[in-house]
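Each chain, letter by letter, is given below.
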Amino acid sequence: MLCCRKLTPPGLLEWCSPSEQDVQGPQRLPLTPGDFCLWSHARLPLSDTEPAEARTGDQKCVKCKEGLPVVVIRAGDAFCRDCFKALYVHKFRAMLGKSRLIFPGEKVLLAWSGGPSSSSMVWQVLEGLSRDSAKRLRFVPGVVYIDEGAACGQSPEDRARTLAEVKLALQTTGFPWHAVALEEVFSLPPSALRCSAQEAAGTEGAYKAAVDSFLQQQHALGTNGVERQSQHCAQDPQSPTGPPTTAQTQALSRLFDSVKTLTAKEELLQTLRTHLILHVARNHGYSKVMTGDSCTRLAIKLMTSLALGRGAFLAWDTGFSDERHGDVVVVRPMREHTLKEVAFYNRLFAVPSICTPALDTKAPEKASIHRLMEAFILRLQAQFPSTVSTVYRTSEKLVKAPRAGCAAGPRCLLCMCTLDVDTADSATAFGAQTSHLPQMQTPVTQARAAAGPCCCAGMGGAPGCCKREDPRAQVMEQLCYGCRVNMKDLPSLELLPPYILSEAQLRSQRATAEQEIREYLLGDSEDEAGTGES
Amino acid sequence: MGTWELSAGRPQSLLEVVVLLPASALSRSLDLPAWVLFRRSRPLPPLQDPTMPAPQCASCHKARAALRRPRSGQALCGACFCAAFEAEVLHTVVAGRLLPPGAVVAVGASGGKDSTVLAHVLRELAPRLGISLHLVAVDEGIGGYRDAALAAVRRQAARWELPLTVVAYADLFGGWTMDAVARSTAGSGRSRACCTFCGVLRRRALEEGARLVGATHVVTGHNADDMAETVLMNFLRGDAGRLARGGGLGSPGEGGALPRCRPLQLASQKEVVLYAHFRRLDYFSEECVYAPEAFRGHARDLLKMLEAARPSAVLDLVHSAERLALAPTARPPPPGACSRCGALASRALCQACALLDGLNRGRPRLAIGKGRRGLDEEGPPREPQPSRPPASEPVPDF
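Parameters at a glance
Residues numbered from 1 in each chain as written. Chains lettered and ligands numbered in written order. Predicted model: local features only at pLDDT ≥ 70, side-chain atom pairs only at ≥ 80, totals over all residues. Heavy atoms only, no water. UniProt positions renumbered as here; feature names shortened; annotations may be inferred. pLDDT = per-residue confidence, 0-100. Contact = heavy atoms within 4.5 Å. Pairing = 2+ DSSP bridges. Helix = DSSP H or I, 4+ residues; strand = E, 2+ residues; numbered from the N terminus. Axes fitted to C-alpha atoms, helices over the stretch in contact; angles between N-to-C directions. Domains from an automatic or database assignment. Buried area = accessible area lost by both parts, 1.4 Å probe. Expected span 1.5 Å × (residues − 1). Buried < 20%, exposed > 50% of the residue type's maximum accessible area, 1.4 Å probe, protein only. Phe/Tyr/Trp six-rings, centres within 6.5 Å; stacked < 30°, edge-to-face > 60°. Lys NZ or Arg CZ within 6 Å of the ring centre and 35° of its normal. Salt bridge = Lys/Arg side-chain N within 4 Å of Asp/Glu carboxyl O. Parallel < 35°, antiparallel > 145°, perpendicular 65-115°, else oblique. Left-handed = near helix turned anticlockwise from the far one by under 90°. Nonpolar A, V, L, I, M, F, W, Y, C, P; charged D, E, K, R; others polar. Core = buried A, V, L, I, M, F, W, Y, C linked by side-chain atoms within 4.5 Å.

Within an unreviewed UniProt entry, the label attached to chain B reads Cytoplasmic tRNA 2-thiolation protein 1, and the organism entered is Bos indicus x Bos taurus. The UniProt entry for chain B carries the following comment under Subcellular location (unreviewed entry): "Cytoplasm".

An unreviewed UniProt entry lists chain A under the name Cytoplasmic tRNA 2-thiolation protein 2, from Bos taurus. Turning to chain A, the UniProt record has this under Subcellular location (unreviewed entry): "Cytoplasm". As its UniProt record puts it under Pathway (unreviewed entry), chain A is described as follows: "tRNA modification; 5-methoxycarbonylmethyl-2-thiouridine-tRNA biosynthesis."

1. Thoughts on the confidence of the model for chain B
Residues and elements named next belong to chain B. Within chain B, residue pLDDT values average 76, and 76% of them lie at 70 or more. Every residue in residues 1-21 scores below 50 in pLDDT, and together they form 56 contacts with partners more than four places removed in sequence or on other chains. The model gives residues 371-398 a pLDDT under 50, and that stretch makes 99 contacts with residues more than four places away or in other chains. Reported confidence for the predicted complex is 0.75 by ipTM and 0.77 by pTM.

2. Here we look at the sheet that holds strand S7 (residues 321-322) of chain A
Pairing between the strands of a sheet comes from backbone hydrogen bonds, and it takes one of two forms, parallel or antiparallel. All names here are of chain A. As summarised here, the arrangement of the six strands in space is S5-S4-S3-S6-S8-S7, forming an open sheet in which the pairing is mixed. Sheet topology places strand S5 (177-181) and S7 at the edges, where each strand pairs with a single neighbour. Both strand S6 (residues 288-291) and strand S8 (residues 329-331) contribute to a ladder of three bridges, which runs parallel. Counted as the bridge partner of Met290 is Val331 from S8. The strands that helix H6 (residues 156-173) touches are strand S4 (140-147) and S5; relative to S4, the one it contacts most, it runs at about 175 degrees.

3. Here's the deal with the domain arrangement of chain B
How big an interface is tends to be stated in terms of the accessible area lost upon association of its parts. Residue and element names in this part refer to chain B. What the domain assignment lists for chain B is domain 1 (79-323) and domain 2 (335-366). Distance from the C-alpha centre of domain 1 to the C-alpha centre of domain 2: 23 Å. Of the residues lining the interface, 18 residues belong to domain 1; the matching set on domain 2 comes to 13 residues. Buried area between domain 1 and domain 2, both sides added, is near 1,300 Å², and the carbon and sulfur share of it is 69%. A per-residue breakdown of the area domain 1 buries against domain 2 is headed by Trp176, Phe197 and Arg204, which together make up 40% of the total.

4. Quick word on helix H10 (residues 262-283) of chain A
All names here are of chain A. Across its 22 residues, H10 extends 31 Å between first and last C-alpha, which sits within 8% of the 32 Å expected from 1.5 Å per residue. Across the 22 residues that make up H10, a large majority, 17, are buried. Of the residues flanking the end of H10, it is Gly285, one or two places downstream, whose phi is positive at about 80 degrees.

5. Considering the packing of aromatic side chains
A complete count under the given rule lists eleven aromatic pairs over all chains for this structure. With centroids separated by 5.6 Å and ring planes inclined at 55 degrees, the aromatic side chains of Phe384(A) and Phe295(B) adopt a geometry described as tilted. Highlighted residues: Phe384(A) in the loop between helix H14 (369-383) and helix H15 (387-396) and Phe295(B) in the loop between helix H11 (269-278) and helix H12 (296-309), drawn from two different chains. The class of Phe384(A) is buried, set by a relative accessible area of 7%. With relative accessibility at 2%, the residue Phe295(B) sits in the buried group. The ring of Phe349(A) carries the charged tip of Lys85(A) above its face, separated from the ring centre by 4.9 Å. Across from the ring centre of Phe295(B), 5.5 Å away, lies the NZ or CZ of Arg237(B), which sits over that ring.

6. Considering the pairing of strand S7 (residues 164-168) of chain B
Relative to S7(B), strand S6 (residues 132-139) of chain B runs parallel, the two being bridged by five bridges. Note on S7(B): the bridge partner recorded for Val136(B) is Thr165(B).

7. As for the environment of Leu90(B)
The residue Leu90(B) is located in helix H3 (residues 78-95) in this model. For Leu90(B), the contacting residues outside a window of four places in its chain are Leu125(B), Arg128(B) and Leu129(B).

8. Examining the pattern of salt bridges
Residue and element names in this part refer to chain A. If you walk through the whole model with that rule in mind, you get 36 salt bridges over all chains. Linking Arg393 and Glu396 is a salt bridge whose minimum nitrogen-to-oxygen distance equals 3.1 Å. Of this pair, Arg393 and Glu396 both sit in helix H15, separated by three residues, roughly a single helical turn.

9. Focus on the packing of H3(B) against H11(B)
Residues and elements named next belong to chain B. In contact at an axis separation of 10 Å, H3 and H11 are set at 125 degrees when each is read in the N-to-C sense. Classified by the interaxial angle, the pair formed by H3 and H11 is oblique. Like other packed secondary-structure pairs, H3 and H11 cross with a definite hand, here left-handed. In contact with Gly78, Phe81, Cys82, Phe85, Glu86 and Glu88 of H3, H11 contributes Glu271, Val272, Leu274, Tyr275 and Phe278. Taken together, the residues of the contact of H3 with H11 sort by class into seven nonpolar, one polar and three charged.

10. Brief notes about the pairing of strand S3 (residues 107-111) of chain A
Sheet faces and side chains relate simply in a regular strand, where the side chains alternate between the two faces. Residues and elements named next belong to chain A. Of all five residues in S3, four are buried, a share of seventy percent or more. Here S3 runs beside S4; their pairing, made up of five bridges, is parallel. From the neighbouring strand, Lys107 faces S4, where its bridge partner is Val140. Pairing geometry for S3 and S6, over four bridges, is parallel. Residue pairing in the sheet places Leu110 in a bridge with Met290 of S6.

11. Section: the nonpolar core
Counting residues in hydrophobic clusters, the biggest one holds 90 residues, and the most contacted among them are Phe84(A), Leu232(B) and Leu306(B). With eight residues, helix H9 (residues 224-237) of chain B is the single largest residue contributor to this core. The contacts of Leu232(B), once residues within four sequence positions are left out, are Met303(A), Leu306(A), Met373(A), Ala299(B), Leu302(B), Leu303(B), Leu306(B) and Leu317(B). With 55 residues, the next largest nonpolar core counts Leu193(A), Leu272(A), Val289(A) and Met487(A) among its residues.

Rendered as structure tokens:
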């Protein structure tokens, strides 16, 4: 069976060859509730997986009207195998094509977590690049896998076993691959947090010109160039650093153990993972990163970000393209595929994936905001079947402009979004009494209430007002609202990887220096600083 | 029925609320299991450690602390907390320039805790702000619920010596009470969508009542939890228009509609309840008979769970709501005037007239949901009207 019931599935190759009967059963759904698999990341509503035999025997595929339906996507839409595949592949291609972001010949890094969505994405790219597909995809992919076992508390043996399977899977793809351990965040340079100047976004003319020149190139090279590209398979692993040291693993475990809530842990993990992927992309010259977030996951992520205070950045967090990091653009081509379609596709077409325990595996539902939101949305989806698509449509209406036209200000240290904490009269600046209990120094009395809470809590306020030489306050000042709330659950910031702390120090030094010389600067100092950054 | 002395045991704060209701209804509205409420009241135990004495009030340092503020965990005595609460509301009003001096303010009074607290606080602050208050109560005609609530409002008006005006749906909307609307929309196999009607009509009724008393501003008692629920709900329902308009401290009143604001917007629900408790305010706390059908119930459950996972969730949601950036196409069109009643409307007919139209024609769902067939105007479907009902939304029909 294609399902993983245990944490470490028996073997990758067994997954790749299910019995023909299972996959091509004529009139019955391949999935029955009995052997339905619950991946740690996928909880699919069971109400729609009723077998086709419950319907009248002569129901046909709604698209081609000929084939026998095999899958029900939305309520009432039964597709046969081929139409389903065509729909799925078309969605993927259309997503990439209409955005015109991926130029031909560009190097694109595929972020693969082993889960169903990213495996499906890698599979699509694999099929799309193969010689026999109509209108081949034209970019140059690589795959990266981040081993997060230390953060999730896995034992070294489990990690080694998973890593072996991962390497096997990556080699079969034939792309250049990188298997990186999360411990490498401890050796990241502070430049990972700097947003480099981005190139001008490709206009339509530029895209067409690029496509034309690429086609001409192809003609000139003939078939040689194509074959050269396909010889990248099974290269040496591109991680010269080797397996992580015990000290690094311990430092990572210490960091994650010190975080008090699961919510903050998950956010921290995501942040570190993003930084690491971007670093790998930058090192090896990739200009785009593709992540396999499906529609369901993005809807959950949107609501979670809302609850975490990241309402200003929803467009970046859940949009198709995310250009906050400057030179590397994060792209989400699986945006329109619901988790249900992904699961059916993987099952029908034998897409291999690896199941590893995540940070919140087996955690109770109320353990973190992410879990809560996931359970809530999936429950609501069972009752109102268009919840996920409604949230997705709403997310499409979000724009990336800062609200009320405020100029580009300093960026958050961790998530690299423009800071959204202002000292104006906003609800949170005013009502922000969410500082630590023991450190609360200014009780809100009747007389002083009109002035608002003091900024000792580090929530903004006039700079220079009771500013202590406190590294924690220094770091907190440079974070956006959402990151600040997360960092509150981290009692000591010293356990963070050194690149974060050193970049924080650098920025605060620069801010202090700017403050001193502000009166002598002519014009906008922002531009000068911008070109000076690497 | 007699007075129940109820106490809810919680790890960090004890709540004693004296009400005149059966505990089951109270527990539902306060979202506590009923068994919690049946304990006999007893003296406050020390908050953290049984062997240590209760901490001193953090602001006056004289009295013993009686509560911890939910957000900051600060220990305060009752008087200091009430003073702080009032100061914060004052700051909201002054900083947002919500109620200029000389304003005649119509307070939407439902008899519930939010509007009771709002009326009380504004009454305390009225001399400082230079405003005069009128209570406007809306009688939707929900039997068994609204009449008891109105009795509470009348008691309050009498105690505080504030003029009270009651406007009834039956008078304003041609005999359509909410019970009649519910009967009319029932039986279609789908949800009744009572709350859609009630919300829209109540806004209109409030406006009418305010005009009757000659008010210049309308205030309602929505608190931070309401705002958080609203933004969650709008995302789940895909209501981009309301998302684009929301987040502020009220509407400035365009095109002849009175400016509306929500002075309690930054106060969390727990603080409102605490204030009502310490000031010994008498309010009505049953929930509406039709409330279980509302979609807002889902958002409310979610918010409660989020608060349990992270106490600052409400504040974070309000922060997010303030900073949403929606595409210009998602925003509602600039409002005009309704062709029938002259009120603010983004289409030819305002929503209230459209809903009543549907009811009168015997097709109550005419103006609800996508596509307003049969009404004589064009317009993209699902665009909201400027009167923004944060009240319960209907269960969506898909």
